[in-house]
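Examination of the molecular architecture
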Amino acid sequence: MPALAHALLAALKDHGAREIFGIPGDFVLPLFKVIEESDILPNVTLSHEPAVGFAADAAARYHGGLGVAVVTYGAGAFNLVNAIAGAYAERSPVVVIAGAPGARERVSGFLLHHQARTVDTQLAVFKEITCDQAVLSDPVTAPAQIARVLRSAREMSLPVYLEFPRDMVDAEVEAVVPLPSRQANQEALGECVEEILGRIERAVRPVIVVDVEIRRYGVEDRIAALARKLALPLVTTFMGRGLLDKADDVVAGTYLGAAGDPAITQLVEDADLVLMLGVILSDTNFALSNRAPDPRRMILAASREVQIGHHVYRDMPLGDLIDALDDRATKRTAPTTLPRQRTAYPRGLVADGQPIAPSDIATAINDMFDRHGRMPMTSDIGDCLFTAMEIDNTALAAPGYYAGMGFGVPAGIGVAATGLRPLVLVGDGAFQMTGWELGNCRRYGLDPIVVVFNNCSWEMLRVFQPESRFNNLDDWHYADIANSIGGTGERVATRAELVAALERAAQRRGQFSLIEVMLPRGKTSDTLARFVAGFKSARERMTK
Ligand SMILES: Cc1ncc(Cc2c([C@H](C)O)sc(CCOP(=O)(O)OP(=O)(O)O)c2C)c(N)n1
Ligand SMILES: [Mg+2]
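Residues numbered from 1 in each chain as written. Chains lettered and ligands numbered in written order. Predicted model: local features only at pLDDT ≥ 70, side-chain atom pairs only at ≥ 80, totals over all residues. Heavy atoms only, no water.

Some words on unusual backbone geometry
It is generally the case that most residues other than glycine have a negative phi and that most peptide bonds are trans. Definition in use: Helix and strand definitions here come from DSSP, where helices need a minimum of 4 consecutive H or I residues and strands a minimum of 2 consecutive E residues; each element is numbered from the N-terminal end. With a 1.4 Å probe rolled over the protein chains alone, any residue whose accessible area is under 20% of its type maximum counts as buried; one over 50% counts as exposed, and the rest are partly exposed.
We note that His114 has phi near 75 degrees; this positive angle belongs to a residue other than glycine. Looking at the secondary structure, you find His114 in the loop between helix H5 (103-106) and helix H6 (121-127). The phi angle at His477 is positive, at roughly 55 degrees, despite the residue not being glycine. Mapping His477 onto the fold places it in the loop between helix H19 (459-462) and helix H20 (478-484). By relative accessible area, which is 33% here, His477 ends up partly exposed.

Comments concerning the pairing of strand E16 (residues 423-427)
Defined as follows: In this scheme, strands are said to pair when DSSP sees at least two bridges between them.
Burial of E16 is extensive: five of the five residues sit out of reach of the surface. The alternating pattern of E16 places Leu423, Leu425 and Gly427 and Val424 and Val426 on opposite faces, both of which are buried. Bridge analysis of strand E14 (residues 377-379) against E16 gives three bridges, and the strand direction is parallel. Counterpart to Ser379 in the pairing with E16 is Leu425. Both E16 and strand E17 (residues 449-454) contribute to a ladder of five bridges, which runs parallel.

So, the pattern of salt bridges
Quick note on the threshold: Each reported salt bridge corresponds to a side-chain nitrogen of Lys or Arg within 4 Å of a carboxyl oxygen of Asp or Glu.
Applying the stated criterion across every chain, the model contains 34 salt bridges. Among the salt bridges present, the one from Arg61 reaches Glu90, with a minimum N-O distance of 3.8 Å. Of this pair, Arg61 sits in helix H3 (residues 49-63) while Glu90 is found in the loop between helix H4 (75-89) and strand E4 (94-100), placing the two residues 29 residues apart along the sequence. Glu213 is paired through a salt bridge with Arg91; the nearest N and O atoms lie 2.8 Å apart. Residue Glu213 is located in helix H9 (residues 213-216), and its partner Arg91 is located in the loop between H4 and E4; the two are separated by 122 residues in the primary sequence. The pair Glu213 / Arg91 is uniform in exposure class, with both members buried. In the salt-bridge network here, residues are joined through shared partners; they are Asp248, Arg347, Asp370, Arg374 and Asp392.

Here's the deal with helix H10 (residues 220-230)
The line we're drawing: The directions considered for the arc run from the helix axis to the C-beta atoms. Two residues form a contact once any of their heavy atoms are found within 4.5 Å.
All of the buried residues along H10 are Glu220, Ile223, Ala224, Leu226, Ala227 and Leu230. Down the axis of H10, the sector holding all buried residues measures 165 degrees, keeping them to one side. In the core, the buried residues of H10 are packed alongside helix H8 (186-202), strand E7 (206-210), H9, strand E8 (234-236), strand E10 (273-277) and helix H13 (318-328). Trailing H10 by a residue or two, Ala231 shows a phi angle of about 55 degrees, which is positive.

Concerning the site of ligand 1
The condition that has to hold: Near is defined per residue: the residue qualifies when any heavy atom it owns lies within 4 Å of the molecule or strand. The term polar contact refers here to a pair of N or O atoms within 3.5 Å; inside protein, the definition further demands a hydrogen-donor-capable atom paired with an acceptor-capable atom, and it admits residues adjacent in sequence only when both atoms are side-chain atoms. Accessibility throughout is a Shrake-Rupley quantity obtained with a 1.4 Å probe, and a residue counts as covered only by protein chains that appear here. Note that Gly is not counted as nonpolar here; it falls among the polar residues with everything else outside the nonpolar set of Ala, Val, Leu, Ile, Met, Phe, Trp, Tyr, Cys and Pro and the charged set of Asp, Glu, Lys and Arg.
If you check the shell around ligand 1, you find 16 residues, and the closest are Asp383, Ala403, Asp428, Gly429 and Met460. Contact between ligand 1 and Asp428: an oxygen atom at 2.8 Å from a side-chain N or O atom of the residue. Calculation on ligand 1 without its partners gives an accessible area of 640 Å², and the protein chains cover 77% of this total. Elements represented by at least two residues in the shell around ligand 1 include exactly helix H17 (428-434) and H19. A per-element tally of the shell around ligand 1 places H17 first, with four residues. Per-class residue counts for the shell around ligand 1 are seven nonpolar, six polar and three charged.

A short note on the environment of Ile146
Tracing the chain through its elements places Ile146 in helix H7 (residues 142-156). The exposure class of Ile146 is buried, given its relative accessible area of 0%. For Ile146 and Leu8, which are 138 residues apart along the polypeptide, the C-alpha to C-alpha distance reads 7.2 Å. When neighbours within four sequence positions are excluded, Ile146 is seen to be in contact with Leu4, Leu8, Ala11, Leu136 and Val176.

Points about the sheet that holds E14
Across the sheet, six strands lie side by side as E15-E14-E16-E17-E19-E18; this open sheet has parallel pairing. For this open sheet the edge positions go to strand E15 (396-397) and strand E18 (488-492), each flanked by a neighbour on one side alone. One ladder, built from five bridges, connects E18 with strand E19 (residues 513-518); its direction is parallel. By the bridge assignment, Thr488 is partnered in E19 with Ser513.

A closer look at a nonpolar patch on the surface
Our working definition: Only residues above 30% relative accessible area that lack a salt bridge enter a patch, with like-charged residues linked at up to 9 Å and the nonpolar side chains Val, Leu, Ile, Met, Phe, Trp and Tyr linked at up to 5 Å.
A cluster of nonpolar residues, Met405, Met433, Trp458, Leu461 and Phe470, forms a patch on the protein surface that exposes about 490 Å² of accessible area. Examined against the element boundaries, Phe470 turns out to sit in the loop between H19 and H20.

Here's the deal with the sheet that holds strand E2 (residues 43-45)
Going by this rule: To obtain each axis, a line is fitted to C-alpha atoms, and for helices this fit is confined to the stretch in contact; angles are then taken between N-to-C directions over 0 to 180 degrees.
One open sheet holds the six strands; their spatial order is E2-E1-E3-E4-E6-E5, and the pairing between them is parallel. Since the sheet does not close on itself, it has two edges, and those belong to E2 and strand E5 (133-135), each with one partner. In this sheet, neighbouring strand axes are inclined to one another by 20 degrees on average, regardless of whether the strands run parallel or antiparallel. Summarising the sheet, strand E3 (residues 67-71) and E4 pair through five bridges and their orientation is parallel. Across the sheet, Val70 pairs through a bridge with Ile97, a residue of E4. Sheet strands touched by helix H1 (residues 4-14): strand E1 (20-23), E3, E4 and strand E6 (160-165). Its angle to E6, the strand with the most contacts, is close to 160 degrees. Contacts from H7 reach E4, E5 and E6 within the one sheet, and its direction differs from that of E5 by about 160 degrees.

Now the structure itself:
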């Protein structure tokens, strides 16, 4: 019989984990020894647990499997909370494996180091931000608990929590047998599909809106094929930016309401049927809508449910629904009335001595993508994410809904650990939080390209409250620091310098490249300027 640590690692791999991110501590040292020596999954250690969570989250978003974050009891696990809360909000399946005291320590009568209120406070906290949990304290039940919790992570595409007491690492257990995934009830599925196809047939201006769940459940290609078969226009939400990056013929653009491309906004807001697939009804996706989502003209397939009008079909896995729709749908021709144009992204930056504006960064990146091919991207929150809306539709992992800073660079490291070379967009404020994790790239031979939007400012806060002096940040010269932690940093202030630095970074392999773009305080991307105007007018409407 295998030891519990081996059985768990094998089960993680069977359920789609591809790597482990973590930081050891005395409550997980024995487990980390097995992780390192068994080599069942590659292990990437970082410098601060928030980054461990962000990296695991982004890796899962990109490879479509499970992210894994292994941390010590108490101090390590509580450091991870914000990143896992963000993964929950963004429906990213991260498996938290947290160390814990052994059976005899629990009854020692001492207050244990790293313990908060009670020995079980850690479990109580993670119950709030995971969809399933287990404490692996009994070798007889542990394999079944692991199977149940890992299936929950896969089926719900949400984080889960496994508490691993440190005296259980070598406990002999049965191997973990994966549970079969739960399918939709075929009768209910048939009824649901007929109702959807009937609604599409009767619609005059239908549109498909997609969001993050279509990536989490691996159905992007099937949805692109369905959109082609039904000849329906398709747009992504703000959170869903970067989805269907290989289906340019299908994606018309990104819906941003009052802040977006007017033709895309009209496509969605004039539609008499909005088929929402994998969509999170968040404020960042719909707060700027001129016409709020209306159940009477909406079908929402998300969180294993399908809501049509005011009634709901439960236990409807998105993959089952898409397959059944494709099986029963007949090919339609595109009504000439439906616009088919695709958003045009800015290109052809003039490499001159002019100072750089945020939207120039998008144009320069589009030009670089034309020369070297599109790169997968990660972005932090801040104007860099709004600028990303002006970059061609390439794969993107960002905290578009949860909006937690610090995600961008660790997420880029997580994506790089999956074997891709990402382009990372991050503001100076967010870089101050987790940018230093780049110092871990050299150990693992990772070479992301990082673009720091250095406006020496918390600019997103300034646009809402310009009078506050606390938004003024100091100039930390991030490019200089990059050179001392294993990468190459360049500081650029003109458009010509930006274009040249991007080209050098694209050519440079084997170490990370950091381009510190100097931006004036008070200058934002065109997209953020429209967002702020939209939010302010929406707020005025609400206060009238
Ligand atoms: C962990 C964390 N702390 C605080 C915030 C609030 C916040 C923003 C959101 C609104 O909540 S945007 C922002 C400033 C970002 O500064 P920077 O990274 O330099 O980007 P830019 O200068 O482009 O704004 C803060 C502090 C946050 N989102 N996440
Ligand atoms: Mg800033």
